[in-house]
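# Results of the structural survey
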Amino acid sequence: MATKVFMEALSPTMEEGRLVKWLKNEGDPVKSGDVLAEVETDKAIMELTARGDGVLRKRLVNEGESKPVGALVGVIAAPDENIDALVASAGGGGSAPAASAPAPSAPAPSRQADPVPAPQVNAQQSTGPSQGAPAPQPPAAPPRPAPAPSAPTPQPIAAHSGNGGGSAVRSSPLARRLASERGVNLGALQGSGPGGRIIKRDIEAAATAGASAPAASRPDVAPSAPVISREGDYQDVPLTNIRKVIAKRLGESIGPIPTFYLTVEVDLTRVMEMRAAMAETGDEFKVSVNDVLLKAIAVALSQHPEVNAHWLGDHIRYFNRVHLGMAVATDDGLIVPVIWDADRKRMSEISRDAKELAKRARERKLKPEEFTGSTFSVSNLGMFGIDQFTAIINPPEAGIIAIGTSEDKIVVVNGEPVVRKRIRLTMSCDHRVIDGAVGAKFLQTLRRLIENPLMLVY
């Protein structure tokens, strides 16, 4: 009996997925548990596995195409089984896997969340010639001219990422984006990544050397590539899944949530002394200022559960455990991996977890349990020289702390001016959960812990 392959919810917040690469071709034998394809979710690139045995009879989605969760993307069946009814039930999407097919029936924009679908590209391409077109002809003349044959509707193909075909070029999503932006011909490059995969540094080297070909003239540019206007005044870049989720979540946050902000300036003198003393005992004891701040915030949250909370509409949930979200900037947008039970971990464990999670976040290799379940979040832009900023709350959390850069300042101590290392922390508070006095008391505790860091190992 045939097995339907659906676009599965590979993360708790996933609403749609982009099929990055097929790992099985039509006609390949498949066993339950085999990896069929790689799918880009709202947070990472995950594996889509088979739920039955047989042969992959039909691939109904192109590489690079997005589909909502629950959409049919393929069919597994016996070699001689009739699957016409299943293919028809998918909306006639049986043309998906053929890279050479012109496939004028591109995915309907009504099923996509992407604000720049293929039909919009056609609209831009057809508007250019029409602006300079002669006056309307008599009725016998042909109507509005069709778009130039050199700019067909972009179709997703396998050449940009590799699907097991002999002519496939393996490349990372970032490399494909950079290649499109800089006009680099992926087919002319030799990749330096694992298995010959083309990665970011290959694109940068090719762009510097000038060994590029205009991507806009290639008929096989994937729909994820930027759409360059004829005049060159702008470019339209379709949203990645992670950017769509960021936009949606931020829209749910700053408008509906009654937010207020509290800022404190904290002395880091003793933190710097402690770090220096720890480093002298060996590299394994080195920690960053950010590691100390994460530990201090986690301990302060454990002492103020009224801040470590979620707003859930008809009730507030106060947590007894501290799962600290840590905002990480990636090439595709912001991801918030979670340090679980951060208040119970030693500083060295927090340092290790923070580095490992940030690394996997940038590589898009986080597991769903590593980026969900945070009770409170932290965002640090100090490494970019930002003195102070306000971060947007990640609902349903009730607060987030924004960390600025540390800098030397002249302050008065015992009546004498001295130079001290100082840092500013700004807390964004959901007023439905956190009142001003509650937030202020939490920051008092946090300041005390940071200015007396030995309390963190008590």
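The numbers attached to residues start from 1 for each chain and follow its sequence in the written order. Where totals are concerned, whole chains, interfaces and linings use all residues; where local detail is concerned, this predicted model gives features only for residues with pLDDT of at least 70, and gives and counts side-chain atom pairs only at 80 or more. Excluded from the side-chain calculation are hydrogens and water; included are all heavy atoms of the structure.

Quick look at the pattern of salt bridges now. One side-chain nitrogen of Lys or Arg within 4 Å of one carboxyl oxygen of Asp or Glu is enough to make a salt bridge. Inspection of every chain in the model, using the stated rule, returns 22 salt bridges. As a salt-bridge pair, Glu8 and Arg51 come within 2.8 Å of each other at their nearest N and O atoms. Taken as a pair, Glu8 in the loop between β1 (3-6) and β2 (16-22) and Arg51 in the loop between β5 (45-49) and β6 (54-59) lie far apart in primary sequence, 43 residues in all. Looking at Arg51, the relative accessible area reads 55%, which means it is exposed. Among the ionic pairs, Lys345 bridges to Asp353, the shortest N-O distance being 2.6 Å. Strands here mean DSSP runs of E at least two residues long; helices mean DSSP runs of H or I at least four residues long; both are numbered from the N terminus. Residue burial is assigned from relative accessible area. The probe radius is 1.4 Å, only protein chains are included, and a residue is buried under 20% of its type maximum, exposed over 50%, and partly exposed in between.

Before going further, it helps to spend a moment on the environment of Phe384. Mapped onto the elements of the fold, Phe384 is located in the loop between β18 (376-380) and β19 (399-403). Placed 20 residues apart in sequence, Phe384 and Gly404 show a C-alpha to C-alpha distance of 8.7 Å.

Let us now look at unusual backbone geometry. The omega torsion across Pro395 and Pro396 is 10°, close enough to zero to call that bond cis. Of note in the backbone geometry, Asp341 takes a positive phi value of approximately 50° without being a glycine. With respect to the helices, strands and loops of the structure, Asp341 is situated in the loop between β17 (338-339) and α8 (347-362). Overall, Asp341 belongs to the buried group, its relative accessible area being 16%.

Our next topic: the packing of aromatic side chains. Working definition: a ring pair exists when centres of Phe, Tyr or Trp rings (six-membered ring for Trp) sit within 6.5 Å. Plane angles under 30 degrees give stacked, over 60 give edge-to-face, the rest tilted. Overall, the coordinates contain 1 aromatic pair when judged by the stated rule. Seen in terms of ring centroids, Phe376 and Phe442 are 6.1 Å apart; in terms of plane orientation they differ by 55°. Their pairing is tilted. Pair noted here: Phe376 is in strand β18 and Phe442 is in helix α9 (residues 436-451), with a separation of 66 residues, a long-range link. A residue is classified by how much of its surface remains accessible, and Phe376, at 0% relative accessible area, is buried.

The next point concerns the pairing of β19. Across the 5 residues of β19, 5 count as buried, placing the element largely inside the fold. When β19 meets strand β21 (residues 416-430), the two strands line up antiparallel, connected through 5 bridges. Among the inter-strand pairings, Ile400 is bridged to a residue of β21, identified as Ser428. Paired strands are those between which DSSP finds at least two bridges.

Attention shifts here to the side chain of Lys24. Looking at where Lys24 falls in the secondary structure, it is placed in the loop between β2 and β3 (29-30). Counting rule for charge: Lys and Arg are taken as positive, Asp and Glu as negative, and neither His nor the chain ends is counted. Although Lys24 lies buried, it forms no salt bridge, and the closest oppositely charged side chain, Asp34, sits 4.1 Å away as judged by the N-O distance. We call two residues in contact whenever any of their non-hydrogen atoms come within 4.5 Å of each other. Apart from the residues lying within four places of it in its own chain, the contact partners of Lys24 are Pro29, Val30, Asp34, Val35, Leu36, Leu56 and Arg59.

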